[in-house]
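Structure at a glance
What follows is the residue order along each chain.
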Amino acid sequence: MDNFEKHIRENAAEFDEHRADRSKMWAKISQELEVEEPKVIPLWKSPMLRIVATLLILLGLAGFIGKQIYGSSVETQYASKELMDIDMHYKGLVSYQVQLVQNNPNLSEVDKAEFLSFMDELDAEYEQLRIEMQSNLDNARVLEAIVSNYKQRIELIEKLLKQINDSKLNDDDYGYTL
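Described below are features of the structure shown in this document.

Thresholds applied
- Residues numbered from 1 in each chain as written.
- Predicted model: local features only at pLDDT ≥ 70, side-chain atom pairs only at ≥ 80, totals over all residues.
- Heavy atoms only, no water.
- Helix = DSSP H or I, 4+ residues; strand = E, 2+ residues; numbered from the N terminus.
- Expected span 1.5 Å × (residues − 1).
- Buried < 20%, exposed > 50% of the residue type's maximum accessible area, 1.4 Å probe, protein only.
- Patch = residues over 30% accessible without salt bridge, like charges linked within 9 Å, V, L, I, M, F, W, Y side chains within 5 Å.
- Areas by Shrake-Rupley, 256 points an atom, 1.4 Å probe, with all protein chains shown as cover.
- Salt bridge = Lys/Arg side-chain N within 4 Å of Asp/Glu carboxyl O.
- Core = buried A, V, L, I, M, F, W, Y, C linked by side-chain atoms within 4.5 Å.
- Contact = heavy atoms within 4.5 Å.

Notes on helix α6 (residues 109-134)
- Counted at 1.5 Å a residue, the expected span for α6 with its 26 residues is 38 Å, and the 37 Å between its end C-alpha atoms agrees.
- Listing the buried residues of α6 in full gives Lys112, Phe115, Met119, Leu122, Tyr126, Leu129, Arg130 and Met133.

A look at a nonpolar patch on the surface
- Taken together, Met48, Ile51, Val52, Leu55, Leu56, Ile57, Leu58, Leu61, Phe64, Ile65, Ile69 and Tyr70 make up a surface patch of nonpolar side chains, about 1300 Å² in accessible area.
- With respect to the helices and strands, Val52 occurs in helix α4 (residues 47-77).

Quick word on the nonpolar core
- Residues Val94, Val101, Phe115, Met119, Tyr150 and Ile157 are the most contacted members of the largest nonpolar core, which totals 22 residues.
- Contributions of two or more residues to this core are made by α5 (81-103), α6 and α7 (139-173).
- Residue contributions to this core peak at 10 residues, all from α7.
- Beyond its immediate stretch of four places on either side in the chain, Val101 contacts Leu107, Lys112, Phe115, Ile157, Leu160 and Leu161.

Coordinates in, geometry out; function isn't part of it.
Shown next as structure tokens:
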């Protein structure tokens, strides 16, 4: 570094000639500091967005309340189209066969009352299944249970009517002995 120091000492006058202009430097720095950033309005503060969000919330609430009030009345009667179809089919069969049992002269009133009480128990079970169906609890299994309930009713009625018809045939057979 000796050569470097020697060079600086010999040429010191040339270095003094070029002094930094402090005012120019400070003007340049202050100019860069004063750069204005564009004014940014956050999207959530925009009045138009607030109006749109409010309308969407109101529409959503109105739709939800409307569905609760008007939509549930249809759903409470029947949980699905399948249940309605099954109900129509099996109710017709069951009511027809119950009518046959009630109109049968070969049955005593006690037998009819016992039969109808058992049918009432199956009706109560059906109502519970229908409530479960509306609660949307595994619809396929509940639907199968409803169909099974109807089948039990029909089988019960058919067995009773078969017993009545078989006893009627046995009573008539004694007259034809050879």
